[in-house]
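# Descriptive analysis of the structure
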Amino acid sequence: RSCILVSIGGKNIMLDCGMHMGYNDDRRFPDFSYITQNGRLTDFLDCVIISHFHLDHCGALPFMSEMVGYDGPIYMTHPTKAICPILLEDFRKITVDKKGETNFFTSQMIKDCMKKVVPLNLHQTVQVDDELEIKAYYAGHVLGAAMVHIKVGSESVVYTGDYNMTPDRHLGAAWIDKCRPDILISESTYATTIRDSKRCRERDFLKKVHESIERGGKVLIPVFALGRAQELCILLETFWERMNLKAPIYFSTGLTEKANHYYKLFITWTNQKIRKTFVQRNMFEFKHIKAFDRSYADNPGPMVVFATPGMLHAGQSLQIFKKWAGNEKNMVIMPGYCVQGTIGHKILNGQRKLEMEGRSTLDVKLQVEYMSFSAHADAKGIMQLIRMAEPRNMLLVHGEAVKMEFLKGKIEQEFSIDCYMPANGETVTVTTNPSVPVDISLNLLKREMALGGPLPDPKKPRTMHGTLIMKENSLKLVSSEQALKELGLNEHQLRFTCRVQLQDPHSDTDTLHRIYTHLKSVLKGYTIQHLPDGTVMVESIVIKVSSSTEDPNTKVLLLSWSYQKVNKEATSSKILQQGTDSSPNHYLRKCL
Amino acid sequence: MLHVLYLSGVILLFVSLKTFPSVSSFHVFQYCLSGHPTLPCNVLKFKSTTIMLDCGLDTTSVLNFLPLPLVHSPRLSKLPGWVSKDGTLNLEKKELLDLSTIDVILISNYHCMMALPYITEHTGFTGTVYATEPTLQIGRLLMEELVNFMERVPKAQSATCWKNKEIQRMLPGPLKDAVDVWTWKRSYSMQEVNSALSKVQLVGYSQKVELFGAVQVSPLSSGYSLGSSNWIIQSHHEKVSYVSGSSLLTTHPQPMDQSSLKNSDVLILTGLTQMPTANPDGMLGEFCSNLAMTIRAGGNVLVPCYSSGVIYDLLECLYQFIESANLGTTPFYFISPVANSSLEFSQIFAEWLCHNKQSKVYLPEPPFPHAELIQTNKLKHYPSIHGDFSSEFRQPCVVFTGHPSLRFGDVVHFMELWGKSSLNTIIFTEPDFSYLDALAPYQPLAMKCVYCPIDTRLNFHQVSKLLKEVQPLHVVCPEQYTQPPLTQSHRSDLMLELQPPPMPYRRCSVLNLPFRRRYERVYIMPELANSLVPSEIKPGISLATVSAVLHSKDNKHTLQSVPKPPPVPPSKKRKRVIEEPPVVLAPKPLLSGAVPLEAFLATLQKHGITEVKVEETADGHILHLQAEDTLIQLEEDGTHIVCDNNEPLRTTLRDLVLRFLQKL
């Protein structure tokens, strides 16, 4: 069963709220005291997300929301929202009404719980609050199954729920875009199996059913009311049609009709072929499959019965099983995974004597077959999903430890990412390294992009300079000038001036002009201007000439530059040295 | 006198070859390609992305053509020809820009995509079309129906010569004056429809779709029809809302999402109701009572309508009405090549329906009651009047069929069949065509005509309430909305009055939208972010100088640390310094603040400069460092160091001054 808590960017999210089918005591529900010892969960959880309607993913939901106490939003897809309460109610009936258990949720609680559900559409980005957003992707597996992408700021997690990477007769394949989450939490039910081709499995299944029917046996197929049942119905329906078989196929009552109706109304969630042809022929209107009545179980002759639930732990499938178990001509085909502790699990492990309630034992003589028809991703599928989503870390859940260990090794080897597989109740902490989003002034960006040219030069990276203003929650990157302006600060000018004395009998203007001509010839590659206001500019160094008051032949040269404008103080001293300062006499001589 | 002109199956569309010079990026331009406010076609240029908003096909010009009868009609073929009275043509599309440069097309509802094949086929278009699933599926049905209507009628000949300018000049009346008829186009083929629709990418409400990393678009529920949407086009700092065909009435679709339109810089408003004075509820009541009256009197009712949309509401209304009105035995027929598909499709889009209908699916029950009408045989649907229908047809009855223009489709046959009897009634519910023009070629007509246009789109009152709610900075709308209708020039309530006034556009106009883009999103990589040293400059405001390398890829910008320069191998030949061009080094930070006198003097002292004479001036102080013969002028906004040829001293003084200043 699944129930995962994720803390991301200060938000707490519960992913699935499943129950364990194998237990009949407190252990069947997750231990919510792990979150808080006293009372309600509302304050500790920002939202709950349910991936699909299987009870091992949503079975504890009313217990959690109504008995432990949670009033926040619960997200699930429309089909899940539609089907989940029916399965819960069905399950409640079996446990409470038939087994007479107490301390279980009531019908009213299921209704109240469903009122807290917010439906989720595929690919819709739902803003849970200002920071937390979630998005659902198609997962295959069963009608309405979804994977979720959870994002807070620049950190993100993808939770797959159960998924299937190969399209089948009624559902499509799971798909996700390259969302590069920090963590991908994937189920790993079939961690090591690379399942043989689907067609082989189907042929095998049909062959076994056919053989059993031929020798007059009865075939029991325990299934969940929704999901594999429809898949196998479509399979048998087409086979019966093709082989022109007459033996009756029954589907245990109650859910059947309803279940198929759900498939018709949610046809957009099925695979492309069914969606395309539904107007002409709805695949979920079966010709050969009829509703089952309890009395039919004793009818003579061959028959095929689909009965719920799928793990033979209670209900109609168990009743029929008890009736048919003694005859070796009969057969039970387990089309899915069985949780430890269920009768399904026991007989699959070869147990031939079962202890039933009231100390009676049951001899199992019928044939037991296991055929994996659960629509879970196999090892290949899991790898395929990793390739699609490109996560930075991987977390495996929902599987058997030994097999997961093997897959973990494979993932780490192939993708060189860290892979975790926490046990129940264990916490995994993954440190992320998020980049910081900042608003850059468009002026600065455009200036930079214009200077950088159309293509970046990896050999000569251009360095950009700016000032980051951090104010409340905003981060703005602007040019330094703009930063000053925005903060209402004045610029502080730092200037330097240096005096040089020369002997030159010419007038001030002439001296300046001679300096200008000289500098021009000496300092190549510099911008040198003679300005009309009686100054010479070398780059941004200002040169002025004035005569000494005492001696008109002694000229005072003023060199002035600013700290910011002259990038290179070196330049100014160079001018001083080369042009004037180091040898004023030499310079003078040259000028004259 | 009426003039003769028979133009078979040629349908309108407008394309001119004028191209527009390319427009620089970083500006937001809006091009308007359609003058029809409810069938918009605009192009938005935003951050170097060219986005077409809708491509509605204006079919009002079919009113210039003769009806296409399904069954040979001696009356129609003898008719001396007919043209519409006022002769105005709402021409559909004028090209101001090269269609192949369009990056994406956003579709708001299935009525606004009928011109899609003309845009995406044979134009070099390579972009993507975004639409919701119901819009795509029902849009496909409507196109399929249109093609079917056109193709199943054998055309004796098709005239094209008349489009020649010289010949057009000779043509009678309004056609002579029609503008650019040579750009009218033939109806597209199914093959073109399929090809066009294969370019559609499905989106869900509130899904964020990234375009080239520069722009994000997102559809919102608009409440008008199944899957109808308004669109948000935004970047991190700018937001344009495109509102097209929205409704606040409770009909079958999901309610309109208004809150997501908030904080828009620009809101483009199109697709308001075409019947601002007709209340849809009242019209629905009138529809029902006229229908009942006719049936009771033994007449037939003909409802020309589109195959999807309002018809679902009409059927739902009738479902509740027929028992009470004692019409339980009257057959209802829905005839269209896509009637069955349309009815089936309507039942499978639970996610796109109003809450009421959604909860029905949870039961599980079909969301629309027409499923029950079909089950109980009260409503029957047929692909056409041929085949089963002709044998099962009983009168008096109610027939829903297309096309609402009465120019093609099965409706033509029923006009011929029932027009002569005053017992029968035709009830117009679609607001797209003038019913008088639609009826003109069938005159003289004995059958009763009732006009109950049902247009659930926003009216002016609802719009102004909506705009008050979402408060966009600017509103852009067709110019028709900025003045009262021509026929009711005194009704100032039938126009948009806003402050600031809306920016009107007309067909073929290009608007420069009032945007000032000032910021762009950039990501500072963690390594660089860790190296920044912020300093608090004012309470709550910190600054950090950033020197980084800008990487721009797919319109995403990141800043990374400056890589350490690789060691330069020592060159053997030293170039003469003098010839070296200025080396671009890190620019000096800007300085801010002031140098406090006392603290500065203390610092000077620490560095062994003790003989300082301080002289007060108007703006500050002058410090005379007597031993060094150096002047330092300290002012509020500046420091001036006058120091003759003593480089080490100057450097020391500089560093000391810098200690007291903030660097940006």
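Residues numbered from 1 in each chain as written. Chains lettered and ligands numbered in written order. Predicted model: local features only at pLDDT ≥ 70, side-chain atom pairs only at ≥ 80, totals over all residues. Heavy atoms only, no water.

### Notes on the confidence of the model for chain B
All names here are of chain B. In the predicted model, chain B carries a mean pLDDT of 80, and the fraction of residues at 70 or more is 81%. Across residues 76-95 the pLDDT falls below 50, and counting only partners more than four positions away or on other chains, this stretch makes 69 contacts in the model. Every residue in residues 172-183 scores below 50 in pLDDT, and together they form 32 contacts with partners more than four places removed in sequence or on other chains. For this predicted complex, the interface confidence comes out at an ipTM of 0.81, alongside a pTM of 0.84. (pLDDT = per-residue confidence, 0-100. Contact = heavy atoms within 4.5 Å.)

### Some points on helix α4 (residues 107-115) of chain A
Residue and element names in this part refer to chain A. The set of residues buried in α4 consists of I110, C113 and M114. Buried residues of α4, viewed axially, fall in a sector of 95°; they line one side. Set apart from the buried face of α4 by more than 90 degrees, the exposed residues are K111 and K115. (Buried < 20%, exposed > 50% of the residue type's maximum accessible area, 1.4 Å probe, protein only. Helix = DSSP H or I, 4+ residues; strand = E, 2+ residues; numbered from the N terminus. Arc of directions from axis to C-beta.)

### What to know about the environment of N109 of chain B
Residue and element names in this part refer to chain B. On the secondary structure map, N109 appears in the loop between β4 (104-106) and α2 (116-120). Look at N109 and you get buried, because its relative accessible area is 1%. For the pair N109 and S244, spaced 135 residues apart in sequence, the C-alpha separation works out to 8.3 Å. With residues near it in sequence (within four places) discarded, N109 still touches D54, T135, Y224, S225, S228, S244 and G245. Here H111 takes part through its backbone nitrogen, which lies 3.0 Å from a polar atom of the side chain of N109. (Polar contact = N/O pair within 3.5 Å; in protein donor to acceptor, adjacent residues only side chain to side chain.)

### Points about the sheet that holds strand β11 (residues 266-269) of chain B
Residue and element names in this part refer to chain B. Spatial ordering of the open sheet is given by β7-β8-β9-β10-β11-β18-β19, a layout of seven strands whose pairing is mixed. The open sheet has two edge strands, β7 (209-211) and β19 (503-505), and neither has a second partner. Neighbouring strand axes in the sheet, compared pairwise and without regard to direction, differ in orientation by 20° on average. Two elements, strand β10 (residues 239-243) and β11, share four bridges in a ladder whose sense is parallel. When the sheet's bridge partners are listed, V240 is paired in β11 with V266. (Pairing = 2+ DSSP bridges. Axes fitted to C-alpha atoms, helices over the stretch in contact; angles between N-to-C directions.)

### Examining the packing of helix α11 (residues 379-389) of chain A against helix α12 (residues 401-415) of chain A
All names here are of chain A. Remark: α11 packs on α12, axes separated minimally by 11 Å, with the N-to-C direction vectors making an angle of 35°. Pair α11 / α12 crosses with right-handed handedness. Judged by residue contacts, A379, I382, M383, I386 and R387 of α11 engage L407, K410, I411, E414 and F415 from α12. Its residues assigned to classes, the contact of α11 with α12 comprises seven nonpolar, no polar and three charged. (Left-handed = near helix turned anticlockwise from the far one by under 90°. Nonpolar A, V, L, I, M, F, W, Y, C, P; charged D, E, K, R; others polar.)

### Let's talk about the nonpolar core
Note that soluble globular proteins tend to have their nonpolar side chains buried in a common cluster. Ranked by internal contacts, the top residues of the largest apolar core, which has 234 residues, are F205 and F321 of chain A together with L116 and F400 of chain B. Setting aside anything within four residues of it in sequence, one finds F205 of chain A in contact with I221, L232, L235, L236, I333, M371 and F373 of chain A. Among the nonpolar cores identified, the runner-up in size contains 40 residues, and I515, L523, I541 and L559 of chain A belong to it. (Core = buried A, V, L, I, M, F, W, Y, C linked by side-chain atoms within 4.5 Å.)

### Some words on the confidence of the model for chain A
When the pLDDT values of chain A are averaged, the result is 83; 91% of them are 70 or greater. Below pLDDT 50 for its whole length, residues 577-592 of chain A participates in 27 contacts with residues either more than four positions away or in separate chains.

### Some remarks on the environment of I86 of chain A
Here I86 of chain A is to be found in helix α3 (residues 78-98). I86 of chain A sits in the buried class, given a relative accessible area of 17%.

### Here's the deal with the pattern of salt bridges
Residue and element names in this part refer to chain A. Scanning all chains against the criterion turns up 31 salt bridges over all chains. With a closest N to O distance of 2.8 Å, R40 and D71 form a salt bridge. In this pair, R40 is assigned in the loop between β2 (11-15) and β3 (47-49) and D71 in the loop between α2 (61-69) and β4 (74-77), connecting sequence segments 31 residues apart. Across the salt bridge formed by R92 and E89, the nearest N and O atoms sit 3.0 Å from each other. (Salt bridge = Lys/Arg side-chain N within 4 Å of Asp/Glu carboxyl O.)

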